[in-house]
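Observations on chain architecture
Given next are the chains, with one letter for each unit.
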Amino acid sequence: MGPDKHSTRLLNTLKMERVRTILTHTYPYPHEHSRHAIIAVFLGCLFFISSDNMHTLIEKFSLKWWSMYACLLGFFYFFSSPFIGKTIRPNYSNFSRWYIAWILVAALYHLPNFQSMGLDLRMNLSLFLTIYISSIVFLVVFNIIFLALWYVGLVSRVAGRRPEILTILQNCAVSSQTKCSFYLKLKIYSLSSLQVLSMACCIFYSHCGNRAILRKKPPGRQYSSLFSFWKREHRHNTWIAQLIRMNKLKDQVCSSWFAPVGSASDYPLLSKWFIYGEIACNGSCPDSSSEISPIYSLWATFIGLYIANYVVERSTGWALTHPLSVDKVEKLKKEQMKPNFLDMVPWYSGTSADLFKTVFDLLVSVTVFLGRFDMRMLQAAMTKSCDGTKREELLYDHLANKDDFWFDFMADTGDGGNSSYAVAKLLAQPTLQVSVDGETRPLPRGNVLLIGGDLAYPNPSAFTYEKRLFCPFEYALQPPHWYKNDSIAVDKPELPEGVKDLKDYDGPQCFLIPGNHDWFDGLNTFMRYICHKSWLGGWLMPQKKSYFALQLPKGWWVFGLDLALHGDIDVDQFKFFSELVKEKVKEDDAVIIITHEPSWLLDWYWSSDTGQNVRHLICDVLKYRCKLRMAGDLHHYMRHSCTQSDAPVHVQHLLVNGCGGAFLHPTHVFSKFSKYYGTSYASKAAYPSFHDSSKIALGNILKFRKKNWQFDFIGGIIYFILVFSLFPQCKLAHILRGDSFSGHLESFLGTVWNAFVYVMEQSYVSFTGVLVLLITAIIFVPSKISRKKRVVIGVLHVTAHLMAALILMLMLELGIEICIQHNLLANSGYHTLYQWYKSVESEHFPDPTGLRARIEQWTFGLYPACIKYLMSAFDVPEVMAVTRTNICKEGMESLSRSGAVIYYASVFLYFWVFSTPVVSLVFGSYLYICINWLHIHFDEAFSSLRIANYKSFTRFHIKENKDIEVFTLAVDKVPKDWKLDKDWDAEPKQSGVMSHKREFPSKWCASSAQQDPVATVKVVDYFLIHRSQNQNGEC
């Protein structure tokens, strides 16, 4: 009596009002109940399984079958690991959940350990599918009737909108995520309520069954021998005592909360429409009950709640007056008060239309227009013939007389929104407080921002420029209130009201050069958005062409060169800069040259010699006046300075800073660079460091698939093609006959080798796949190394993939073979589950009123046919095993075309799950070996990681003594979560005041103040450039 009293007290202490308060909101959205129901069903399932089957898990452990469980669950875990804990994309994330649940359960229910635990999943699955189809049919009929009533005018007049056909189909046949928009929430509901309904009925049947039968159950069988043992040996153990009482608590829950609600005689008008009299015993039971089954009571309750919610919402407009709970509204406000930044570009996506467009644009630009059409020539032709006017469009000298001049440089922005905004926010701050040589110094915002190309990824388009470039910069520093984003600047510069000349404008300005990604469309988007618009956020853009010359104070110049896709400047560009040097640049002046590509590093890496016109300009025209060359393209920071040597020094410092927002590039690959134009250089700074860069590359092994889950669509298909001709493997019994592990392993490896030989000698489809993959792999290896090494690397790469695919194929075939030998698969044809269910349906769910026959008649046989073929489609392993057995007995010729399609489709469903984690692991390991051991694939190996951290820009200060201080500012970690900056929101916004005059110009700050870029920015490199030094070519 003790445990009973304890259970009663425990139930009495459940405050249902408190439970209701926890599970519901003040104004719960009607279909919000389905989420709570899912939680309740899941907790109930754990509760019942733990109390009923814990002892069997321990007592009836089978090493062979649990090894198969571990292997199966391991592959499914690694397949689903990129989607655990987050929704990458609602459509694919939902698909992956249901796909995994479908084929995993279909595989698990055939394995024997569930049956040894007393849990026969066949009844649960067949019952689930039957109730699911019945519910869909019922709701389809209901929605059609409701739609007819709307046309009559009896319902839905307050809501003012008729139910749409698409919504009805979504209600009845599609599982969809609730959209962010409130109006879509009023229209689109998910089918999760029907899934919860079916799950609840199955769990109840599994653990409660017929209460009348359970009441007759002998008391001695209510607890297992294991519980009895624990009770004797650990009677004073509180935890064990609670576990034993849990079983009685479960029994009380079943008998009190899920007891039969009445008999058919209680509902005379509805008695013919209820299926009643559940019998849970095996064989015939003498005492048939007319009690209504609690399963159908649950079903009716759920369906009734759904109908009530739907009718109330549609006919009374309830959802319009109580759209969301208070908490939901607050959460929605917070979500709306966050920037909608785009994620880093998925370079290994097999489904990205942008990437396919990028490849197409690149092929067209290189094969069709390169060498035949050059936008720079068109710019020169469109420039007015008057030399003075032409120079005004390319030379900007309005900054020459500025005092205390600061300017910034960045490149390669427009990738991930978080990283681009982090850099843009730092650039927009009026002052940054940083530590330099142990001293805190204020660094004012640059008067000019220089951007070194690659403004948006992966290709130049209106969408990428607006979302990946302009959006982050406008959040960091807002454009003037009168500026229209879609306006075209006809007469640049478009100055603010009251400013008559560009010299009088005191706000920040921006000058840009295009990069290779900006040239993929022939510079069309760059011309539209840079040369024909006036504002990049709060930065004024005066430039009209893709290259420029900028005269700075104290005798400093900036030449912005446009290398296009040629890696060099054109003739007209060379002519302009050479004439400018002869006429304007003095002998003691200093020049900073900006190009997109760091030719000094890339020429050394690729053993090439590009940029002949640039070299001529620097060595022969400028003659030692070039103090600094800056570039982007490589998404890291590196600085090389000249060392004492016999060769003349044409450039003092070489600086690469492409950390403006794009993915990170390695630095350790370029650690041995030391020569440029015959001059020796030494590495003075690298960010990240060579050691950190090498460690980061390890992420290709550990994180490739997590970062590039879209690669599944490519990798899974490739692996399936490699082993397509090998399905099925009919002679695998020799592998299972070995007595020792070494014998099994030897037979397995021998079979793998035989399969490899078959692919090479007899297969057509698989051999073609191997050949195409080999050619692709050899071409994929960079041309930096010799042709012989490229072939060797390509062969080893493809061999690793082929062997992995063969091993996975044999593992899948062995699993099916084991199940067939133990009579778990291929017993009675394609419809095994349906036939089994029909054999036990009359026993467990009798139909004395003939309701099922009438439903079959009313639906013209569609109702049982839907259940039959749905069960067959669900049971993929059975379809695969039956077809495999037929092929092994009668040959592939006996299989029809449709049968072959069904067989290979069923094999692919499982092989895709097995292969996608493995192909990512093999390919990621290949990239890691290449980048760290061979120093090749620096672009491919780090673009796969999509690292948004390690972002930086460089700030320059022209001192009174005409030297330049150079500060490279960086943040190690870029925030991923942003919120509205309270200081920005609280600052008065005066009409007509430019945003650069505000104390807090940026709209968003990091959700954690300690992670905000302004708080974490640091100096990673500091040096001086002397204007008066090196007039004779010495370092």
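As the structure is a computational prediction, the values presented were derived from the model and not from experiment.

1. Remarks on the environment of Phe-78
Within the fold, Phe-78 resides in helix α4 (residues 63-80). Considered as a pair, Phe-78 and Pro-917 are 839 residues apart in the sequence and their alpha carbons are 6.2 Å apart. Those residues in contact with Phe-78 that lie beyond four places of it in its chain are Arg-705 and Pro-917.

2. Thoughts on the UniProt feature "transmembrane region" (unreviewed entry) in the protein chain
According to UniProt, the "transmembrane region" (unreviewed entry) feature falls on residues 36-54, 66-84, 96-114, 126-152, 709-727, 763-781, 793-812 and 901-929. Within the segment residues 126-152, helix and strand shares are 100% and 0% respectively, and the terminal C-alpha atoms sit 39 Å apart.

3. Regarding the sheet that holds strand β10 (residues 556-560)
Strand pairing within a sheet occurs via backbone hydrogen bonds; the two strands may be parallel or antiparallel. The strand order across the open sheet built from nine strands is β1-β9-β10-β11-β12-β14-β13-β16-β15, with neighbouring strands paired in mixed fashion. For this open sheet the edge positions go to β1 (395-396) and β15 (675-676), each flanked by a neighbour on one side alone. For strand β13 (residues 637-642) and strand β14 (residues 653-657), the ladder comprises five bridges, and the chain directions are antiparallel. Bridge pairing in β14 links Arg-639 to Leu-655. Against the sheet, helix α25 (residues 612-622) touches β10, β11 (590-594) and β12 (626-631), its axis set at about 165° to β12.

4. A look at the pattern of salt bridges
Pairs may arise between side chains of opposite charge once their charged atoms sit close together. Scanning all chains against the criterion turns up 14 salt bridges. Its salt-bridge partner being Glu-965, residue Arg-441 comes within 2.9 Å of it at the nearest N-O pair. Here the residue Arg-441 occupies a position in strand β4 (residues 439-444), and Glu-965 occupies one in strand β18 (residues 964-971), the gap between them amounting to 524 residues. Across the salt bridge formed by Arg-884 and Glu-813, the nearest N and O atoms sit 2.9 Å from each other. With a gap of 71 residues between them, Arg-884 in helix α36 (residues 876-890) and Glu-813 in helix α32 (residues 787-821) connect regions that are remote in the sequence. Where salt bridges share partners, they join Glu-813, Glu-817 and Arg-884 into one cluster.

5. Re the pairing of strand β17 (residues 951-958)
When you tally the buried positions in β17, you get eight out of eight residues, the bulk of the element. Covered by surrounding structure in β17 are Lys-951, Phe-953, Arg-955 and His-957 together with Ser-952, Thr-954, Phe-956 and Ile-958, the residues of both alternating faces. One ladder, built from four bridges, connects strand β2 (residues 406-410) with β17; its direction is antiparallel. By the bridge assignment, Asp-408 is partnered in β17 with Arg-955. In the sheet, β17 pairs with β18 via eight bridges, with the strands oriented antiparallel. Its bridge partner being in β18, Thr-954 is matched across the sheet by Thr-968. Hairpin remark: β17 followed by β18, antiparallel, with five residues in the connecting loop; positive phi at Lys-962, about 75°.

6. Let's talk about the pairing of strand β16 (residues 679-687)
Alignment of β13 against β16, held across six bridges, turns out to be antiparallel. Counted as the bridge partner of Cys-642 is Tyr-681 from β16. As paired elements, β15 and β16 share two bridges and run antiparallel to each other. Bridging across to β16, Tyr-676 finds its partner in Thr-679. Between β15 and β16, which follow one another and run antiparallel, lie two residues, and Tyr-677 among them has a positive phi close to 55°.

7. Re the side chain of Asp-981
Here Asp-981 is to be found in the loop between β19 (978-980) and α39 (982-986). Of the side chains with opposite charge, Lys-425 lies nearest to the buried Asp-981, which makes no salt bridge, at 4.5 Å. Of the polar contacts made by the side chain of Asp-981, one reaches the backbone nitrogen of Asp-983; its length is 3.0 Å. For Asp-981, the contacting residues outside a window of four places in its chain are Ser-1002, Lys-1003, Trp-1004 and Cys-1005.

8. Re a positive patch on the surface
Taken together, the side chains of Lys-703, Lys-706, Lys-973 and Lys-976 present a region of like positive charge at the surface. Relative to the helices and strands, Lys-706 is located in helix α27 (residues 699-707).

9. Brief notes about unusual backbone geometry
Cis geometry is found at the peptide bond from Tyr-687 to Pro-688, where omega equals -5°. For Pro-688, the position within the fold is in the loop between β16 and α26 (690-696). Look at Asn-823: it is not a glycine, yet its phi comes out positive at around 60°. As for its position among the elements, Asn-823 is in the loop between α32 and α33 (832-844). The exposure class of Asn-823 is exposed, given its relative accessible area of 54%. A positive phi angle, close to 60°, is found at His-935, a residue other than glycine. Take His-935: it is sitting in the loop between α37 (897-934) and α38 (938-943). The class of His-935 is partly exposed, set by a relative accessible area of 24%.

10. Remarks on the environment of Asp-412
Residue placement: Asp-412 occurs in the loop between β2 and α20 (417-428). Among the residues examined, Asp-412 registers a relative accessible area of 0% and is labelled buried. Sequence-wise, Asp-412 and Leu-634 are 222 residues apart; in three dimensions their C-alpha atoms are separated by 8.2 Å. Aside from chain neighbours lying at most four places away, what touches Asp-412 is Gly-453, Asp-454, Tyr-457, His-596, Gly-632, Asp-633, His-635, Gly-658, Gly-660, Gly-661 and Ala-662.

Here is what the cut-offs are and how they apply
Residues numbered from 1 in each chain as written. Predicted model: local features only at pLDDT ≥ 70, side-chain atom pairs only at ≥ 80, totals over all residues. Heavy atoms only, no water. Helix = DSSP H or I, 4+ residues; strand = E, 2+ residues; numbered from the N terminus. Contact = heavy atoms within 4.5 Å. UniProt positions renumbered as here; feature names shortened; annotations may be inferred. Pairing = 2+ DSSP bridges. Axes fitted to C-alpha atoms, helices over the stretch in contact; angles between N-to-C directions. Salt bridge = Lys/Arg side-chain N within 4 Å of Asp/Glu carboxyl O. Buried < 20%, exposed > 50% of the residue type's maximum accessible area, 1.4 Å probe, protein only. Lys, Arg positive; Asp, Glu negative; His and termini not counted. Polar contact = N/O pair within 3.5 Å; in protein donor to acceptor, adjacent residues only side chain to side chain. Patch = residues over 30% accessible without salt bridge, like charges linked within 9 Å, V, L, I, M, F, W, Y side chains within 5 Å. Areas by Shrake-Rupley, 256 points an atom, 1.4 Å probe, with all protein chains shown as cover. Charge placed at Lys NZ, Arg CZ, Asp CG, Glu CD.

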